[in-house]
Each structure stands twice: as C-alpha cells, then as structure tokens.
Amino acid sequence: GEVLDNPFEVVLLDEGGNVVRPFNGTGAVVKVEAFLWEALSGHYVPATPVGGSVEAYAERGRAQLAFALNVEGRYLVRLSTGDCTGGASGFGCFRVDASLDVRVGPPAAVTATLPDACVAGNAVLPHPSVRVLDAGGNLVGQPQVVSARLLDTPPGMEFWASDATSSDGVAVFTDMSLSMSGTHTVVFSITDI
C-alpha cells in the first residue's frame with residue numbers, strides 16, 4: 001500500500017543506444033500496466049494500483065514512475081511507449097516487461113473487534129480479536145505479540161488479559177475480563193507500532 005521507494009526509471013533509447021530526446025518538448029507518454037501473477041493457473045489478472053502514478057512524461061528521454069499495490073503477489077510490469085494497441089513491440093510501439101514481487105509490509109496498525117457488552121467478572125464473550133495490518137491494510141502473516149490495557153483504570157478496577165500472539169494476522173484474547181461494570185476503553189498495541 002506504500003508508493004515504491006525506488007521508482008521505475010524508463011530510459012528511451014534509439015537503436016544505437018542513445019537517449020531519445022523528443023523534439024516537440026512535451027516528451028513521450030510512458031504508460032505502465034501492472035498485472036498480478038496468478039501462480040496456480042499461470043495467467044495474468046489485471047491489477048489496479050492504489051496510489052502513485054502509472055503514467056509519466058519523459059523529460060530528456062527519461063521518465064520515473066512510482067505506484068503502490070496493496071495485494072501481495074508477483075506482478076508483471078509492462079512499460080510501454082507509443083501506440084501498442086496491436087500487441088507486441090514494433091513500428092510505433094516499444095515495450096518491455098519486468099517482474100515485481102510485492103510482499104506484505106511491517107505492522108503499521110491494529111484494528112479490534114469487541115462485543116457491545118460483557119458481564120463484569122466473567123470472560124469477555126465473544127472473545128475480542130485484533131487484526132494486525134501493514135500500511136496497505138493487508139494482514140501481517142508473521143506472528144506478532146499483541147497487548148491489551150485499559151485507557152483509564154478506575155480505582156478498584158481489575159483488568160485481566162494475557163498477551164495474545166497473532167496467527168495469520170489475527171490475535172484472539174481468550175482470557176480478557178473486567179471486574180467492574182461501566183463503559184471502558186480497551187487499547188490494543190504491538191511493540192513495533
């Protein structure tokens with residue numbers, strides 16, 4: 001979900017390897033199409049970037065494109081200039097393909113699901129669950145230790161919740177309980193966030 005740190009740089013070259021500098025001053029439009037590699041069936045499925053730019057104008061024969069994808073997987077990035085409606089590279093169409101692996105990023109946020117109410121002194125049911133997400137909103141698959149605490153603890157209040165370790169991006173608090181009735185705010189966190 002984050003824009004690429006190192007953008008794709010496209011350099012327009014002629015047959016002799018010289019940088020092409022368009023003479024009209026506007027440059028050539030460089031289009032990028034991203035396709036998600038579907039490993040099971042061996043087909044490319046169109047993917048839509050969620051940020052950045054997939055189109056740029058070449059200045060002095062160079063263009064940079066930085067975009068964001070929020071689905072983990074292998075992508076084919078097709079860089080093209082000119083009219084490529086007929087398919088392969090040829091007269092008026094120049095393109096090159098590159099592969100890009102997108103991985104889930106480090107933890108950046110947590111979201112929680114809690115019941116609307118619970119009974120004081122008993123385990124909170126259904127058990128609260130926390131989703132550990134990267135910046136793109138993807139579940140972080142690596143196990144993360146999630147802690148729970150009360151935002152404000154009134155005098156005499158006892159709060160129990162063992163740390164929970166996420167599995168496939170979700171941590172479940174099976175022993176959470178509160179000793180007093182009332183409205184309370186539970187804060188969930190992991191060390192890296």
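Refer to the structure printed above.
Counting restarts for each chain, with residues numbered from 1 along the sequence as it is written. Given that this is a predicted model, residues contribute local features only at a pLDDT of at least 70 and side-chain atom pairs are listed and counted only at 80 or more, while totals for whole chains, interfaces and linings are drawn from all residues. Heavy atoms from the whole structure form the basis of all side-chain values; hydrogens and water molecules are not counted.

Trainee: How would you summarise the pairing of strand S12 (residues 145–150) if you had to cite specific residues and measurements?
Mentor: Taking every second residue as pointing to the same face, the buried face of S12 carries Val146, Ala148 and Leu150, while none of Val145, Ser147 and Arg149 on the other face is buried. Being paired, for any two strands, means DSSP has found at least two bridges between them. Segments assigned H or I by DSSP are reported as helices when at least four residues long, segments assigned E as strands when at least two residues long, and all are numbered from the N terminus. When S12 meets strand S17 (residues 186–190), the two strands line up antiparallel, connected through five bridges. Across the sheet, the residue bridging to Ala148 is Phe188, located in S17. Summary of the burial criterion: residues with accessible area below 20% of their type's maximum are buried, those above 50% are exposed, and those between are partly exposed, where the area comes from a 1.4 Å probe applied to protein chains only.

Trainee: Please set out the sheet that holds S12 residue by residue, giving values where relevant.
Mentor: Strand order in this open sheet of three strands is S14-S12-S17, and the pairing throughout is antiparallel. Of all strands in the sheet, those bounded by a partner on one side alone are strand S14 (164–165) and S17.

Trainee: Now, about the sheet that holds strand S11 (residues 129–133): what can you tell me, with residues and values included?
Mentor: The three strands are arranged S10-S11-S15 in an open sheet whose pairing can be described as antiparallel. A single partner strand is all that each edge strand has here, and the edge strands are strand S10 (109–113) and strand S15 (170–172). Recorded for the sheet is a direction-independent mean angle of 25° between the axes of neighbouring strands. Direction of pairing for S10 relative to S11: antiparallel, over a ladder of five bridges. What sits directly across from Ala109, in S11, is Leu133. Between N-to-C directions, angles cover 0 to 180 degrees, with each direction set by a line fitted to C-alpha atoms, over the stretch in contact for helices.

Trainee: How would you explain the environment of Tyr75 if you had to name every residue and give the values?
Mentor: By the element assignment, Tyr75 lies in strand S8 (residues 73–82). Looking at Tyr75, the relative accessible area reads 2%, which means it is buried. In this structure, the C-alpha to C-alpha distance between Tyr75 and Leu100, residues 25 residues apart in sequence, is 5.1 Å.

Trainee: I'd like to hear about the pairing of strand S6 (residues 62–65), residue by residue, with values.
Mentor: The side-chain alternation of S6 yields one buried face, formed by Ala63 and Leu65, and one unburied face, formed by Arg62 and Gln64. Pairing of strand S1 (residues 8–11) with S6, which is carried by four bridges, proceeds in the antiparallel orientation. Directly across from Glu9, in S6, lies its bridge partner Gln64.

Trainee: Give me the lowdown on the nonpolar core, citing residues and values where you can.
Mentor: A general feature of soluble globular proteins is that nonpolar side chains tend to end up buried together. In terms of nonpolar packing, the biggest core is built from 16 residues, with Val146, Phe173, Met176 and Phe188 touching the most fellow members. Elements that contribute at least two residues to this core include exactly S11, S12 and S17. It is S12 that contributes the most residues to this core, three residues altogether. We call two residues in contact whenever any of their non-hydrogen atoms come within 4.5 Å of each other. Every residue in contact with Phe173, bar those within four places of it in the chain, is listed here: His127, Pro128, Val130, Val146, Ser147, Ala148, Ala161, Ser162, Asp163, Ala164 and Phe188. Among the nonpolar cores identified, the runner-up in size contains 14 residues, and Val10, Ala56, Tyr75 and Val102 belong to it. The criterion is simple. A nonpolar core is a set of buried Ala, Val, Leu, Ile, Met, Phe, Trp, Tyr and Cys residues joined through side-chain atoms within 4.5 Å.

Trainee: Just give me the short version of unusual backbone geometry, but keep the residues and values in it.
Mentor: Of the consecutive residues Leu125 and Pro126, the connecting peptide bond is found in the cis state with omega at -10°. Mapped onto the elements, Pro126 comes out in the loop between S10 and S11. With a phi close to 55°, Asp168 is a non-glycine residue in the positive phi region. In this fold, Asp168 is placed in the loop between S14 and S15. By relative accessible area, Asp168 is classed as exposed at 61%.

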